[in-house]
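Survey of secondary and tertiary structure
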Amino acid sequence: MWQGSQDEDIQAAAAALQAGELVAFPTETVYGLGADGLNARACAQIFAAKGRPQDNPLILHIANEEMLAEIAEPLPEAGARLAKAFWPGPMTLILKRRPLVPDVVTAGLDTVAVRWPDHPVAQKLIEAVGRPLAAPSANKSGRPSPTLAWHVQADFGEAIAGVIDGGPTDVGLESTIVDVSVTPPTLLRPGGITREALEGVVGPVADPEQSERPKAPGMKYRHYAPNVPVIRLPNATLETARAFLAAHEGETVGLLLDDESLNALAPFSPSVLVWNLGPKTHPELAAARLFDGLRRLEAAGCAVMLIATYDERGMGLAVANRINKLSRPYEEGDL
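Analysis parameters
- Residues numbered from 1 in each chain as written.
- Predicted model: local features only at pLDDT ≥ 70, side-chain atom pairs only at ≥ 80, totals over all residues.
- Heavy atoms only, no water.
- UniProt positions renumbered as here; feature names shortened; annotations may be inferred.
- Helix = DSSP H or I, 4+ residues; strand = E, 2+ residues; numbered from the N terminus.
- Polar contact = N/O pair within 3.5 Å; in protein donor to acceptor, adjacent residues only side chain to side chain.
- Contact = heavy atoms within 4.5 Å.
- Buried < 20%, exposed > 50% of the residue type's maximum accessible area, 1.4 Å probe, protein only.

Some details on the UniProt feature "binding site: L-threonine" (unreviewed entry) in the chain
Per the UniProt annotation, the sites labelled "binding site: L-threonine" (unreviewed entry) are T29, H61, R115, A135 and S175. Across 147 residues in sequence, these annotated residues keep their C-alpha atoms within 12.4 Å of one another, forming a single compact spot. Within the secondary structure, R115 sits in strand β6 (residues 111–115). Polar side-chain contacts of R115 include one of 2.7 Å to the side chain of E28. Relative to the assigned elements, A135 resides in the loop between β7 (133–134) and α7 (149–156). The residues contacting A135, other than those within four sequence positions of it, are F25, G32, L33, G34, I59 and H61.

The structure is reproduced here in structure tokens:
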């Protein structure tokens, strides 16, 4: 494990990437599993290590405008306005690609996903490598995304060259993805930059059409889930949760709920394990705590988890998106 606070560790990690190896590193969103983004063989290792479907494109991470010009056509007007407002930061733009980008990165599409991260460790690492880094989330495909270095180690162990430990990530959810290769711009995945913030810069953004060929990560496949069932509660959260806990008395049940709901449901039996997602009115806290909670409750031996979704406004949209993808709706037969 390398430490992000040590320049010699950044250089060692950069040397491993230049040699075609895989290195996990922190960003402000989640930890990424990095490879030299212009080395097709290295990028192919990402798919093998993660068990990632080949039609799921990768995001290229840059650290300056020169890298952007190497891999993408000039930004359209909407893209330029968004980049000025939110780069560096937790936003990915879908752009027309240049021939230098390997097909394995783009899944054969004529577009490329690009992000300029705001995390100092990510920036130093990309600059040290001197090339864009392909870096999906550093987890096995379908698993909760990693927000701490130990999450990465739990999934990969010694299968990658190493992990740069930069502490907990700030946002906790993957980047917002906006397709600016089309008009109007299309919000492909909600994330750390809200729809409201995007629309404050470029006006209304569209929702994606259903397609068998995803243009960006997080659109097609099951994502973010632990290896135990996660049940999404309906609006009558407290009544349903009480009934479920009573029906499963003695089983190890995990609750991932806002603190108001947890306070209303307390006290709990010793077999109920609780993860507080923070006040319901602050979904940004739920974003930062969600994936860590899923992993910790799974590691503690939960047989099943209960979770409630969020209003799809502001950061609540991104939180609801992840919860909907990692869980299934509550059914009467769950009692």
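Observations regarding the UniProt feature "binding site: ATP" (unreviewed entry) in the chain
With numbering aligned to this structure, UniProt lists the feature "binding site: ATP" (unreviewed entry) at R52, N56, T111, S137, S145, R189 and Y224. Across 173 residues in sequence, these annotated residues place their C-alpha atoms as far as 24.9 Å from one another, rather than forming a single compact spot. Locating R189 in the fold gives a position in strand β10 (residues 186–189). One polar contact links the side chain of R189 to the main-chain carbonyl oxygen of S175, over a distance of 2.9 Å. On the secondary structure map, Y224 appears in the loop between α8 (195–202) and β11 (230–233). Taking relative accessible area as the criterion, Y224 reaches 4% and is therefore assigned buried.

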